[in-house]
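This is what each chain is made of:
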Amino acid sequence: MNLIMFDFDGVIIDSLEQFTKDFISACNKHGLLAVRSQRDMLDLFDNNVYESILSLGIDEDTIDNILSSYKKNSEKNIFNSKLFGGVKEMLQSLSLNNKVFIITSNISSLTTDFLKSNGVDCVEDVIGADVEKSKIKKIKHVMNLHPNLPSYYIGDTKGDMTEGKIAGAKTIGVTWGWHTLCQLENGEADFIANCPSDILDIFKI
């Protein structure tokens, strides 16, 4: 048995276009005018997205306001996005003999609602940015709940790979998400998956 933790956007859900629109709208509403394009938004994910925003001179209260506005936007629009093909089956297979969690920069309730609406009921828990902004802290928290299990974090950005490693988990970078293979390799991913079935192969399922 393993502890397998997933990012959500770009790994489970094909949400890049909708996330970009909703997030940029929220940023601009609260004065973060440096984020105007998809490229600007993706650059934030080279590291922890909220630390990247702090580095632009935006304070914690404003970041919380951005999150609140993003949630309002996404509540209306998240169902415009779809699961990546093969992801539901992959999650179901993994959950039979492993502990599966989702640790995301998205909102916990939105993520949970999306999963339920798509018949994904095999995830132990969802921990989003509304609970804790640092993925490192969230990953460590879940690892502390299951200290005897080998731990893996699966993401689609360089920042995911970096944060997973700092937290002490093995990292798996998926190439169907937001960052390129080169960026995932620059984040020193321990494994690369080019499709959901590759993840099953890593765990020999």
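Our subject is the structure listed above.
What you see is a predicted model; the values in this text were computed from it and never measured.

## Comments concerning helix α8 (residues 158-167)
Each full turn of the α-helix corresponds to 3.6 residues, which orients residues three or four apart in the same direction.
Next up, step 1: Taken as a whole, α8 has its buried residues at Gly 159, Asp 160, Met 161, Glu 163, Gly 164 and Ala 167.
Next up, step 2: If you follow the buried residues of α8, they end up packed against α7 (135-145), β6 (151-155), β7 (170-174) and α9 (181-186).
Next up, step 3: Positive phi appears at Gly 168, one or two residues downstream of α8, with a value of about 105 degrees.

## Description of the pattern of salt bridges
Next up, step 1: As enumerated under the stated definition, the model contains seven salt bridges in all.
Next up, step 2: Between Asp 7 and Lys 135 there is a salt bridge; the shortest N-O distance is 3.2 Å. Highlighted residues: Asp 7 in the loop between β1 (3-6) and β2 (13-14) and Lys 135 in helix α7, separated in sequence by 128 residues. Each member of the pair, Asp 7 together with Lys 135, is buried.
Next up, step 3: Via salt bridges that share partners, Asp 7, Lys 135 and Asp 160 belong to a single interconnected network.

## A few points about the sheet that holds β6
Next up, step 1: One open sheet accounts for six strands, arranged β5-β4-β1-β6-β7-β8; its pairing is parallel. Strand pairing shows two members of the sheet lacking a second neighbour, β5 (125-127) and β8 (191-193), which therefore form its edges. Neighbour-to-neighbour, the strand axes of this sheet turn through a mean angle of 25 degrees, independent of strand direction.
Next up, step 2: Packed onto the sheet, α8 meets β6 and β7 and runs at close to 170 degrees relative to β7.

## Comments concerning the pairing of β6
Next up, step 1: Taken across its five residues, β6 has five buried, putting it largely inside the fold.
Next up, step 2: By the bridge criterion, four bridges tie β1 to β6 in an arrangement that is parallel. From the neighbouring strand, Phe 6 faces β6, where its bridge partner is Ile 154.
Next up, step 3: As judged from the four bridges shared by β6 and β7, these two strands associate in the parallel manner. Looking across to β7, one finds that Tyr 152 is bridged to Lys 170.
Next up, step 4: Tracing the backbone out of β6, into α8 and back to the parallel element β7 gives a crossover that is right-handed.

## Overview of unusual backbone geometry
Next up, step 1: Positive phi outside glycine occurs at Glu 188, with the angle close to 60 degrees.
Next up, step 2: Structurally, the position occupied by Glu 188 is in the loop between α9 and β8.

## Quick notes on the packing of aromatic side chains
Next up, step 1: Per the counting criterion, the structure on display carries eleven aromatic pairs.
Next up, step 2: Plain terms: the ring middles of Phe 19 and Trp 178 are 5.0 Å apart, the flat faces sit at 55 degrees to each other, and that makes the pair tilted. Taken together, the positions of Phe 19 in helix α1 (residues 16-29) and Trp 178 in the loop between β7 and α9 put the pair 159 residues apart, joining distant regions of the chain.
Next up, step 3: Phe 19 sits in the buried class, given a relative accessible area of 6%.
Next up, step 4: Look at Phe 23 and Tyr 70: their rings are 6.4 Å apart centre to centre, the planes differ by 65 degrees, and that puts the pair in the edge-to-face class.

## Overview of the side chain of Lys 133
Next up, step 1: For Lys 133, the position within the fold is in the loop between β5 and α7.
Next up, step 2: Only 2.7 Å separates the side chain of Lys 133 from the side chain of Asp 64, close enough to count as a polar contact.
Next up, step 3: Residue contacts for Lys 133: discarding those within four places in its chain leaves Asn 48, Tyr 50, Glu 60, Ile 63, Asp 64, Leu 67 and Lys 138.

## A closer look at the packing of α1 against helix α4 (residues 60-77)
Next up, step 1: As a packed pair, α1 and α4 sit with axes 8 Å apart at the nearest point and diverge in direction by 145 degrees. Relative to α4, α1 is oriented so that their crossing is right-handed. Where α1 abuts α4, its residues Gln 18, Phe 19, Asp 22, Phe 23, Ser 25, Ala 26, Cys 27 and Lys 29 lie against Ile 66, Ser 69, Tyr 70, Asn 73, Ser 74 and Asn 77.
Next up, step 2: Partitioning the contact of α1 with α4 into residue classes produces six nonpolar, six polar and two charged.

Scoring rules and cut-offs
Residues numbered from 1 in each chain as written. Predicted model: local features only at pLDDT ≥ 70, side-chain atom pairs only at ≥ 80, totals over all residues. Heavy atoms only, no water. Buried < 20%, exposed > 50% of the residue type's maximum accessible area, 1.4 Å probe, protein only. Helix = DSSP H or I, 4+ residues; strand = E, 2+ residues; numbered from the N terminus. Contact = heavy atoms within 4.5 Å. Salt bridge = Lys/Arg side-chain N within 4 Å of Asp/Glu carboxyl O. Pairing = 2+ DSSP bridges. Axes fitted to C-alpha atoms, helices over the stretch in contact; angles between N-to-C directions. Right-handed = clockwise from strand over helix to strand, strands pointing away. Phe/Tyr/Trp six-rings, centres within 6.5 Å; stacked < 30°, edge-to-face > 60°. Polar contact = N/O pair within 3.5 Å; in protein donor to acceptor, adjacent residues only side chain to side chain. Left-handed = near helix turned anticlockwise from the far one by under 90°. Nonpolar A, V, L, I, M, F, W, Y, C, P; charged D, E, K, R; others polar.

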